Amino acid sequence: LDARASNFLAAIAGSPDHAAIAWVDISTGEFHVETTVALAAAIGRIAPREIITVEAFAPSLADYDGQLTLRPSNIFEAKRTERLLCDAYRLPSLDVFGHFSPAEISACGALLDYVRLTQVAAMPKLDAPRKSAASGHLLIDAASQRNLELVQRLSGEKKGSLLSVIDKTVTASGARLLAQWLLAPLCDATAIIGRQDNVAWLLAQGSERGKLRDTLKRTPDIERALSRLMMNRGGPRDLLALEGGLRASEQMRAVLEHSTELPAGLFTLSTALGSHTLLVEELTRAVKRECGLFARDGDFIAHGYHAVLDEFRSLKSEGQKHIAALQTRYASETNIPTLKIRHNNILGYFIEITQQHQSKVSQEFIHRQTLANNLRYTTVELSELERKLGEAADKALKIELELFETLVAKIATAHEAIMQAGRSIAAIDVFAGLAELAQAQRYTRPAVDGSLAFHIEQGRHPVVESALANGTHEPFISNDCALGENERLWLLTGPNMAGKSTFLRQNALIVILAQMGSFVPAERAHIGMVDKLFSRVGAADDLARGRSTFMVEMVETATILNQATARSFVILDEIGRGTATYDGLSIAWAVIEYLHNRLECRTLFATHYHELTTLTDSLPRLACYSMKVKEWKDTLIFLHQVGKGAADRSYGLHVAKIAGIPGAVIARAADVLHQLESQKMGAKNLPASLPLFAYTAAEESPARPAALEALAALKPDELSPREALEALYKLKETL
Ligand code: ADP
Ligand code: MG
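Attention in this report is confined to the structure presented alongside it. Fair warning: this is a prediction, and the values are worked out from it, not measured in the lab.

Observations concerning the overall build of the chain
(1) Moving on: For the chain, the count of helices and strands is 24 helices and 21 strands.
(2) Moving on: Counting every position in the chain, which comprises 735 residues, the buried fraction comes to 46%.
(3) Moving on: Nonlocal contacts in the chain, meaning residues at least 24 apart in sequence, comprise 67% of its contacts between residues at least 6 apart.
(4) Moving on: Total accessible area on the chain stands at roughly 36700 Å², and carbon and sulfur atoms take up 54% of it.
(5) Moving on: Once the 79 positive and 86 negative side-chain charges of the chain are each reduced to a mean point, those two points are 4 Å apart.

A few points about the site of ligand 1
(1) Moving on: In the region of ligand 1, 13 residues are neighbours, and Ile 477, Met 497, Lys 500, Ser 501 and Thr 502 sit closest.
(2) Moving on: With respect to ligand 1, the backbone of Lys 500 contributes an N or O atom lying 2.8 Å from an oxygen atom.
(3) Moving on: Protein contact buries 79% of the 560 Å² of open area that ligand 1 shows by itself.
(4) Moving on: Looking at which element gives the most residues to the shell around ligand 1, the answer is helix α17 (residues 500–515), with three residues.
(5) Moving on: Considered class by class, the residues forming the shell around ligand 1 number seven nonpolar, five polar and one charged.

Details of the nonpolar core
Most often, soluble globular proteins keep nonpolar side chains buried together rather than apart.
(1) Moving on: Membership of the largest hydrophobic core comes to 107 residues, with the highest contact counts inside it found for Leu 242, Trp 490, Leu 533, Phe 569 and Leu 604.
(2) Moving on: The dominant element in this core, judged by the number of residues it contributes, is helix α15 (residues 415–441), at 13 residues.
(3) Moving on: Contact partners of Leu 533, with chain neighbours within four places excluded, come to Leu 138, Leu 139, Ile 140, Asp 141, Ser 144, Leu 148, Ala 508, Val 511, Ile 512 and Phe 569.
(4) Moving on: Listed in part, the 46 residues of the second largest apolar core include Ala 13, Val 24, Leu 94 and Tyr 114.

Structural notes on the sheet that holds strand β11 (residues 374–378)
(1) Moving on: An order of β8-β9-β11-β10 is seen for the four strands of this open sheet, with the pairing classed as antiparallel. Edge positions in the sheet fall to β8 (340–344) and β10 (366–370), since each has one partner strand and no second. Within the sheet, the average angular offset between the axes of one strand and its neighbour, ignoring direction, is 40°.
(2) Moving on: Strands β8 and β9 (348–354) of the sheet are contacted by helix α13 (residues 307–334), whose axis makes an angle of about 140° with β8.
(3) Moving on: Contacting β8, β9, β10 and β11, helix α14 (residues 380–413) crosses the sheet at an angle of about 145° to β9.

As for the pattern of salt bridges
(1) Moving on: Applying the stated rule across the entire model yields 33 salt bridges.
(2) Moving on: Ionic pairing is found between Arg 289 and Glu 243, a salt bridge with its closest N-O pair at 2.8 Å. Within this pair, whereas Arg 289 is found in the loop between α12 (277–286) and α13, its partner Glu 243 is found in helix α10 (residues 236–257), the two being separated by 46 residues in sequence.
(3) Moving on: Looking at Arg 289, the relative accessible area reads 46%, which means it is partly exposed.
(4) Moving on: Each of the salt bridges in this network shares a partner with another, and the network as a whole consists of Arg 442, Arg 460, Glu 465 and Glu 523.

Some thoughts on the pairing of strand β18 (residues 569–573)
(1) Moving on: When you tally the buried positions in β18, you get five out of five residues, the bulk of the element.
(2) Moving on: Residues Phe 569, Ile 571 and Asp 573 point to one face of β18 and Val 570 and Leu 572 to the other, with burial holding for every one of them.
(3) Moving on: Pairing analysis gives five bridges linking strand β17 (residues 532–537) to β18, with the strands arranged parallel. Residue pairing for β18: Arg 536 is matched across the bridge by Leu 572.
(4) Moving on: Examined bridge by bridge, β18 and strand β19 (residues 602–606) share five bridges and lie parallel to one another. By the bridge assignment, Leu 572 is partnered in β19 with Phe 605.
(5) Moving on: On the question of chirality, the crossover connecting β18 to the parallel β19 by way of helix α19 (residues 581–599) is right-handed.

What about the state of the cysteines?
(1) Moving on: Applying the stated criterion across every chain yields a total of zero disulfides.
(2) Moving on: Free of any disulfide, Cys 86 has its nearest cysteine sulfur in Cys 108, 12 Å distant.

Comments concerning the pairing of strand β3 (residues 31–36)
(1) Moving on: Counted residue by residue, β3 has five buried out of six residues, so it is predominantly covered.
(2) Moving on: In terms of strand pairing, strand β2 (residues 18–25) meets β3 through six bridges, oriented antiparallel. Bridged to Ile 21 within β3 is Glu 34.
(3) Moving on: In terms of strand pairing, β3 meets strand β6 (residues 130–131) through two bridges, oriented parallel.

A closer look at the side chain of Lys 500
(1) Moving on: Along the chain, Lys 500 falls in helix α17.
(2) Moving on: Glu 574 provides the closest opposite charge to the buried, unpaired Lys 500, separated from it by 4.0 Å.
(3) Moving on: One polar contact links the side chain of Lys 500 to the main-chain carbonyl oxygen of Gly 494, over a distance of 2.9 Å.
(4) Moving on: Beyond its immediate stretch of four places on either side in the chain, Lys 500 contacts Leu 492, Thr 493, Gly 494, Pro 495, Glu 574, Ala 606 and Met 627.

About the criteria used
- Residues numbered from 1 in each chain as written.
- Chains lettered and ligands numbered in written order.
- Predicted model: local features only at pLDDT ≥ 70, side-chain atom pairs only at ≥ 80, totals over all residues.
- Heavy atoms only, no water.
- Helix = DSSP H or I, 4+ residues; strand = E, 2+ residues; numbered from the N terminus.
- Buried < 20%, exposed > 50% of the residue type's maximum accessible area, 1.4 Å probe, protein only.
- Contact = heavy atoms within 4.5 Å.
- Areas by Shrake-Rupley, 256 points an atom, 1.4 Å probe, with all protein chains shown as cover.
- Lys, Arg positive; Asp, Glu negative; His and termini not counted.
- Charge placed at Lys NZ, Arg CZ, Asp CG, Glu CD.
- Near = heavy atom within 4 Å.
- Polar contact = N/O pair within 3.5 Å; in protein donor to acceptor, adjacent residues only side chain to side chain.
- Nonpolar A, V, L, I, M, F, W, Y, C, P; charged D, E, K, R; others polar.
- Core = buried A, V, L, I, M, F, W, Y, C linked by side-chain atoms within 4.5 Å.
- Pairing = 2+ DSSP bridges.
- Axes fitted to C-alpha atoms, helices over the stretch in contact; angles between N-to-C directions.
- Salt bridge = Lys/Arg side-chain N within 4 Å of Asp/Glu carboxyl O.
- Right-handed = clockwise from strand over helix to strand, strands pointing away.
- Disulfide = S-S within 2.5 Å.

And the structure:
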């Protein structure tokens, strides 16, 4: 084996144009998976020595013929592979891995299966598969998305989500695109900077932005209208929408084309808006301004567009005049002034008189219907007129439907160009909206590059800030955050309500905003590209999914430890809160050590376990920060300021006192606290690595507790019942 090159075995599942590829280096245990639309490129990058897959992929992998091993498709089957992975990693469910698609699970499972098959003698120890971010997007798993309330609150409301605060778009397609961008920020600095250039230009060119947004406000949803028409579900109003949308598109192109120093991105978008003059003109001439939803109802083609149609229409309106004349004649002939000719869908046209005039009707009247007060008749002449009228209407409708088909066919031939225009409109709306946001909320342009920097000056939480601005509350307090070389991991302490969670989240949100190409709520920001972002909150309520809150907390934490890389950004908010104190403390402790020593990712960790601050002694890149509080008379004032150093731990009792807990109870609590501390149960005396999570120690020498040793030594067959009972008592004593 070449020591300088990886030796990957890969498995491919899914479909050739949307494939999941899993790969493992048996010599290192490295195990990755990703989904790709460019399979060849992915294989090229990974350069596996051997590829296992199913027959269906053989044609598209002809280039790798020599490396291909075809396996029966049942090996890739979903249930089977899932079970295999759960068993191999001793997991209750695959949730721990984060969000894997069925194809990804299938590829991972089949790979594992193959390794087992070929390495019977010594099954190598493989890492848990990691989803790689090679798709070019910042990975935000489902739990983080929820915790950060990106598109909706935990309560399910849209209002109060990050999206609701940053969305200044004025079209539906723009809003959809913004939501997509928010959930899939980029990982490519060049692409991000390209987006920023567009936002910056639109921010600087206020008048152009104003013109574009005015036009956008009047722009119907081209994308939706087009897809309805193409699926034969469209109607006349979709034609109008296209006309309006394409007209707006031309206006926007004019605005952009006449601008100077247009950034490349906007220039491309402006070109993609295209030219649709002929189609717009045609639709303008063809479609009535006010028309119905369905083509089958007719009456949507404009007057003057089609001569024959107009002729039938005039026949129709003449017929209607004839009928009006007939009514006047019948009324005078019968001397029934209230006689009316009416129309309904069952009888068609009919003559209607009231009961009292029954004796006056003429002989030509043919009785049709008797109602409580009215009588209804027809005549040969009326029927004849009606028939002609119906014929004209049928012919007119037929022509209208044909014209509709023709227009749809014309649109279909321009489909590609219209689609592009629709997408460009959406993108322009997003950029103009982000520029509007930057101006309204004083967001600034972050520096984004391939480093591992994380330097935020006077960052703010976009949602909390806007909530405070809307209320009568005090202003939002901005805070710096710098996760430098020597402070990769910040441990944040402070009393309840001091602003810990807000601070953690604001930094995660700034990462997301920056990588989606937006400006950010900070005076200055420098962010080295993040590949995956994780956010966890201790003991989140997940009753809906029927899992214990602590279980959820641990499953979510496990995902991070399995998936994060040195390029990831992690915020952990009071992890370990969902269980007993020492359990929770030891878990938090071990998690921090693992993050610090193994993963080395940029991390913010908020905790109420004050004991953890002693970790600075053993972890060089861990730094303690705390939320500043001031005591004033009998209250605590939260300054919402992050400062260097650990918090004073006595605040718990302060808060209890302020909350109105009786003095005697406070005094007793202080007493108990003092005793606990003097018994030296604090963290200083916790073993450097706790048995439960001592991954390094445990991996090397699994020490068996004394009770287990004693149990192993017992020979049940040689014991009398009495001896057995004695042994049991002894065992209990050793515990
Ligand atoms: P903790 O997590 O420490 O309990 P939170 O982050 O939940 O505290 O903050 C509690 C409340 O304090 C928030 O709802 C918000 O109203 C306010 N707050 C937090 N941070 C700030 C800040 N930087 N400026 C102004 N108000 C803040
Ligand atoms: Mg909190």
